[in-house]
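Notes for the structure review
Each chain is listed here by its residues.
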Amino acid sequence: MSSAHDSTVTTEPEGPVALGPHSWESGERPDPLASRRGRVGAPVSRLDGPLKVRGKAPYAAEFPLDDMVYAALVFSTIAKGRIATLDTAAAEAAPGVVLVMTYRNAPRMRPMQLFGSSEKAGGGDTMPIMQDERVYWNGQPVALVLAETQEQADHAASLVGPTYQAEHAVTSFAEAKAAGTDTAEFQLPLHLEIGDAEGALSAAAVSVDVGFRTPPHNHNAIEPHASTVAWYGDELVVHDATQIVSHTAWTLAHILGIDESQVHVTSPFVGGGFGGKLVSQHQVLAAAAARIAGRPVRIAVSREGVYRLIGGRARTEQRVAIGAAEDGRFTALIHTGTHATTRNNLWPEPFVLATHSHYAAETFLLDVQMAYLDMVANGSMRAPGGAVGVHALECAVDELAVTLGMDPVELRIRNEPTTGPTDGRPFSSRHVVEAWRAGAERFGWAERNPVPGSVRDGEWLVGMGCAAASHPYVRFPGGAARITLSDDGSARVEVAAHDMGMGTETAQAQVVAERLGLEPDEVSFEYGDSALPGLVPAAGSQQSASIGAAVVSAQHALVGELLKLVGDDSPLAGLEADEIGTLDGGLAKLDEPERHESYASILSRAGRDELTVEASGPPPLEMMNWSMHSFGAMFCEVRVNEVTGEVRVSRFLGSIDCGRVLNAKTAASQIRGGIIMGLGLALMEETQFDERNGRILNASLAEYHVPVHLDVPQIDLIWNDIPDPYAPVGARGIGELGITGAGPAVANAIYNATGKRIRDLPITLDTLL
């Protein structure tokens, strides 16, 4: 196992690098980079780091445009009904006001198409956008004010005086469930029955049957949502904080009734996204207002505005029941429940995803139901379904271990599957047992006292807990890349991808340099622009796979074009692409590396300044043929004050099985960030939704608590770095993995410390007193 602290890098030459495979589903020829120990995996510092620490990285609300005006939104205060009156006179007369836009003067616009409903759709809901007097949720924008300064816009917005005719709104979860639910749909079946799980549960020698409730969560990226928009004739330019640049361009064009080619979206730097930075109403309203006013518009949504406008993780109620034989082997695994949503987005919170893959069982019953509320449309938030679903599953497994009198690690290993538990597909690569063994040894799990409440340090009760983590491998179709080779031997790779803080540019520059046989400073990686090729959303922890597959395809096209340019006197003359590899800034015969010619030489002798190719990655058929996931074994130590109920996480370790690690430094940051969000999920995060009127009550970071430095211990990480033969570079996603196992590890440690099972999140001190 490698540690996140390891910094030794092997860079000795290993001979030419063969071209990657044309497809990924068979695994007969893994990516040659998967087994190379050179630049790939090195803990390289972020290339954009110097720009960020000097304040030179332009975020969406930092593009200075001439004659720009500033926007402020007015939000509804009822959950459902209609605007009865809308007095804008005082706002229009306020100093500096340029425009007050409401449904009365907004241009006609189409509703959004939901993200995933078509190839380029990127919307978060399907509701009308300021088209009539209807109100659909408490917090819906009912007016937008443009003014010469942000302060003037904010003041004028406070002068807009709507009154409402309220209608009955469903804002109670109990009422929504009573009105009827529907089965949710997602990539995997969210209703599945294998055998008679209820019967097996009743007949089981040992069983647990427990319920869990998780609250809604809101997005709190360090950068709130923002856009700077301008019309240049009929062309719309949007500098946006988005994780879907190409989808945003298409969606805005669709809504505004113009051609996609008329919209150009850039997003070079994003201060966190986590699934929340898709297309929302603020970008659309800013573009519409800019067109009416004839001036560029900057809209920087306030922190409160993000709570009103952007949906997050849905509320869930879950049941997990496990039946087992006396030796601990699962005979029944039941995971069912309901989550809140709206009728205008139908976005599921698929909390049974991990239950498809974590453990073998003789019978299964999985079911996710949706109940409909009148609220801001819930959306994707880091590890949709996984974060809260793994929490319930892994806490229930821990309860079963206690009932059986077994070590929780050993119970999990005993139920380790040999194939996909619910579909029988072979695993592409699964080394979970090794992760458990290595993690347990490093963490000192053998020293854990299994008797709850038995370890003390003064007034602090000390406990250890563990949990499995997982996230499915994803590679969306549509990935594409453009490679431009210059006569100085340097290469530029362009992909409509994103960097929201995870180090995309840095890791991809490392991979491309190794793949093309170049030095890292000879490679540039361009991203964050809808004018670039590909549909590569920063979603599903899939960017590295999508980019990797597209770059391999583009390299095949590049080598094909280079071989057309080589002369008869070239050392490469007569060679086919499958005989070629990259080496020392050029191409070489795989088994005769002395037959080599540099890129610069090939282009120079052909009289070319540069050579550009573009190609799309193959369909992601590997996802159909194999059960592919990233896994982790999470270990936590907590201290609980028996006087105050305060919980302190004192140690945490993640033992990770995610395939190859592309950059040890940025990967560690990604996993640690997920774990920190998992600590928040377990101990503090909760959107307080007023069921009387559908209002979010704690719409600020003063009242919606997230972990800060003093809440987070040193997080130790190890990984096995075993390549997945069916994934580009042998790597699976890591962006969402950390959050999935961290919360239950904390909860299980709290039980070991105190003997108290808290099944409703968050676990606050009042629940432990």
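Residues numbered from 1 in each chain as written. Predicted model: local features only at pLDDT ≥ 70, side-chain atom pairs only at ≥ 80, totals over all residues. Heavy atoms only, no water.

Thoughts on the side chain of Asn 138
The residue Asn 138 is located in the loop between β6 (134–135) and β7 (141–147) in this model. With a relative accessible area of 5%, Asn 138 lands in the buried category. There is a polar contact of 3.1 Å between the side chain of Asn 138 and the backbone oxygen of Asn 693. Those residues in contact with Asn 138 that lie beyond four places of it in its chain are Ser 76, Thr 77, Ile 78, Ala 79, Asn 693, Gly 694 and Arg 695. (Helix = DSSP H or I, 4+ residues; strand = E, 2+ residues; numbered from the N terminus. Buried < 20%, exposed > 50% of the residue type's maximum accessible area, 1.4 Å probe, protein only. Polar contact = N/O pair within 3.5 Å; in protein donor to acceptor, adjacent residues only side chain to side chain. Contact = heavy atoms within 4.5 Å.)

Section: helix α7 (residues 281–293)
Taking 1.5 Å per residue as the helical rise, α7 with its 13 residues ought to reach 18 Å, and the 18 Å between its terminal C-alpha atoms agrees with that figure. Of all 13 residues that make up α7, 10 are buried, and the element is covered over most of its length. Every buried residue belonging to α7 is among Gln 281, His 282, Gln 283, Val 284, Leu 285, Ala 286, Ala 287, Ala 288, Ala 289 and Ala 290, and all of these are buried. Of the residues one or two after α7, Gly 294 is the one with positive phi, at around 70 degrees. (Expected span 1.5 Å × (residues − 1).)

With respect to a negative patch on the surface
On the surface, a cluster of negative charge is made up of Asp 487, Asp 488, Asp 609 and Glu 610. Note on placement: Asp 487 falls in the loop between β21 (480–486) and β22 (491–494). Owing to a relative accessible area of 37%, Asp 487 belongs among the partly exposed residues under this scheme. (Patch = residues over 30% accessible without salt bridge, like charges linked within 9 Å, V, L, I, M, F, W, Y side chains within 5 Å. Areas by Shrake-Rupley, 256 points an atom, 1.4 Å probe, with all protein chains shown as cover. Salt bridge = Lys/Arg side-chain N within 4 Å of Asp/Glu carboxyl O. Lys, Arg positive; Asp, Glu negative; His and termini not counted. Charge placed at Lys NZ, Arg CZ, Asp CG, Glu CD.)

Things to note about the nonpolar core
Formed by 91 residues in total, the largest nonpolar core has its most connected members in Phe 635, Val 638, Phe 652 and Val 746. Core analysis: the next-biggest nonpolar cluster, separate from the first, contains 49 residues, Ala 253, Ala 290, Val 301 and Ala 377 among them. (Core = buried A, V, L, I, M, F, W, Y, C linked by side-chain atoms within 4.5 Å.)

Let's talk about the sheet that holds strand β15 (residues 297–300)
If you trace the seven strands from one edge of the open sheet to the other, you get β5-β7-β3-β15-β12-β13-β14, paired in mixed fashion. The open sheet has two edge strands with one neighbour each: β5 (97–101) and β14 (263–266). On average, each strand axis in the sheet is tilted by 20 degrees relative to the strand beside it, whichever way the strands run. Here helix α6 (residues 245–256) sits on the sheet in contact with β12 (226–232), β13 (235–240) and β14, set at roughly 145 degrees to β14. Taken strand by strand, α7 contacts β3 (69–75), β5, β7, β12, β13 and β15, and its axis lies near 35 degrees from that of β12. (Pairing = 2+ DSSP bridges. Axes fitted to C-alpha atoms, helices over the stretch in contact; angles between N-to-C directions.)

Describing the packing of helix α16 (residues 664–683) against helix α17 (residues 737–754)
Close contact between α16 and α17 brings their axes to 7 Å; oriented N to C, the two are set at 45 degrees. The angle between the axes of α16 and α17 places the two elements in the oblique class. Like other packed secondary-structure pairs, α16 and α17 cross with a definite hand, here right-handed. From α16, Ile 671, Gly 674, Ile 675, Met 677, Gly 678, Leu 679, Leu 681, Ala 682 and Leu 683 reach across to α17, where they touch Gly 738, Ile 739, Ala 742, Gly 743, Val 746 and Ile 750. (Parallel < 35°, antiparallel > 145°, perpendicular 65-115°, else oblique. Left-handed = near helix turned anticlockwise from the far one by under 90°.)

Considerations on the pairing of strand β23 (residues 523–526)
Here β23 shows one buried face, formed by Val 523 and Phe 525, and one open face, formed by Ser 524 and Glu 526. With four bridges joining them, β22 and β23 adopt parallel strand pairing. Following the sheet pairing, Arg 492 is matched in β23 by Ser 524. Read from β22 through helix α12 (residues 504–516) to β23, the crossover connection turns out right-handed. (Right-handed = clockwise from strand over helix to strand, strands pointing away.)

Here's the deal with the pairing of β5
In regular strands, side chains alternate between the two faces of the sheet. Extensive coverage of β5 is indicated by the burial of four of its five residues. In this sheet, β7 lies alongside β5 in antiparallel orientation, the contact comprising four bridges. Considered in β7, the bridge of Met 101 is made with Leu 144.

Things to note about the packing of aromatic side chains
Going through the model one piece at a time under the given rule, you end up with nine aromatic pairs. Between Phe 330 and Tyr 359 the ring centres are 5.6 Å apart and the planes differ by 70 degrees, which places this aromatic pair in the edge-to-face class. You can see Phe 330 sitting in strand β17 (residues 330–341) and its partner Tyr 359 sitting in the loop between β17 and β18 (364–372), a full 29 residues away along the chain. Considered together, Phe 330 and Tyr 359 belong to a single accessibility category, that of buried residues. Here Trp 445 and Phe 635 contribute two aromatic rings whose centre-to-centre distance is 5.6 Å and whose plane-to-plane angle is 65 degrees, an arrangement assigned as edge-to-face. Within this pair, whereas Trp 445 is found in the loop between α11 (432–443) and β19 (456–457), its partner Phe 635 is found in strand β28 (residues 629–641), the two being separated by 190 residues in sequence. Accessibility assignment for this pair places Trp 445 and Phe 635 in one class, buried. Among the aromatic residues, those joined into a ring-pair cluster are Trp 436, Phe 443, Trp 445 and Phe 635. (Phe/Tyr/Trp six-rings, centres within 6.5 Å; stacked < 30°, edge-to-face > 60°.)

Quick word on unusual backbone geometry
In this chain, Leu 761 is followed by Pro 762 through a cis amide linkage whose omega measures -5 degrees. Along the chain, the position of Pro 762 falls in the loop between α17 and α18 (765–768). At Asp 67, a position not held by glycine, the phi torsion is positive, near 65 degrees. Tracing the sequence through the fold places Asp 67 in the loop between α1 (49–53) and β3. A positive phi angle is found at Asp 721, which is not glycine, with a value near 60 degrees. Topologically, Asp 721 is positioned in the loop between β32 (715–719) and α17.

Some remarks on the sheet that holds strand β29 (residues 647–657)
The six strands lie next to each other as β1-β32-β29-β28-β20-β19, forming an open sheet whose pairing is mixed. Every interior strand has two partners, whereas the edge strands, β1 (2–3) and β19, have only one. Summarising the sheet, β28 and β29 pair through 10 bridges and their orientation is antiparallel. Among the inter-strand pairings, Gly 632 is bridged to a residue of β29, identified as Ile 656. Helix-sheet contacts for α16 involve β28, β29 and β32, and the interaxial angle to β32 is about 125 degrees. α17 contacts β20 (460–472), β28 and β29 of the sheet and is inclined by roughly 155 degrees relative to β20.

So, the side chain of Asp 499
Looking at the element boundaries, Asp 499 is found in the loop between β22 and α12. A polar side-chain atom of Asp 499 sits 2.9 Å from the main-chain amide nitrogen of Thr 504. At 3.5 Å, the side chain of Asp 499 forms a polar contact with the backbone nitrogen of Glu 505. For Asp 499, the contacting residues outside a window of four places in its chain are Asp 48, Pro 268, Phe 269, Val 270, Thr 504, Glu 505 and Tyr 527.

Some thoughts on the packing of helix α9 (residues 386–404) against α17
Between α9 and α17, the least distance of the axes is 8 Å, while the angle of their chain directions is 35 degrees. Here α9 and α17 pass one another in a crossing that is right-handed. Of the residues in α17, those in contact with Gly 386, Ala 387, Val 390, His 391, Glu 394, Cys 395, Asp 398 and Val 402 of α9 are Ile 739, Thr 740, Gly 741, Gly 743, Pro 744, Ala 747, Asn 748 and Tyr 751. Of the residues assigned to the contact of α9 with α17, the class counts are eight nonpolar, six polar and two charged. (Nonpolar A, V, L, I, M, F, W, Y, C, P; charged D, E, K, R; others polar.)

A short note on the pattern of salt bridges
Inspection of the entire model under this criterion finds 46 salt bridges. Lys 564 serves as the salt-bridge partner of Glu 561, at 3.1 Å between the closest nitrogen and oxygen. Here the residue Glu 561 and the residue Lys 564 both occupy positions in helix α13 (residues 543–565), the gap between them amounting to three residues, near one helical turn. Note on Glu 561: relative accessible area 29%, which makes it partly exposed. Lys 564 sits in the exposed class, given a relative accessible area of 63%. Between Asp 721 and Arg 660 there is a salt bridge, with its nearest N and O atoms 3.5 Å apart. Of this pair, Asp 721 sits in the loop between β32 and α17 while Arg 660 sits in the loop between β29 and α16, placing them 61 residues apart in sequence.

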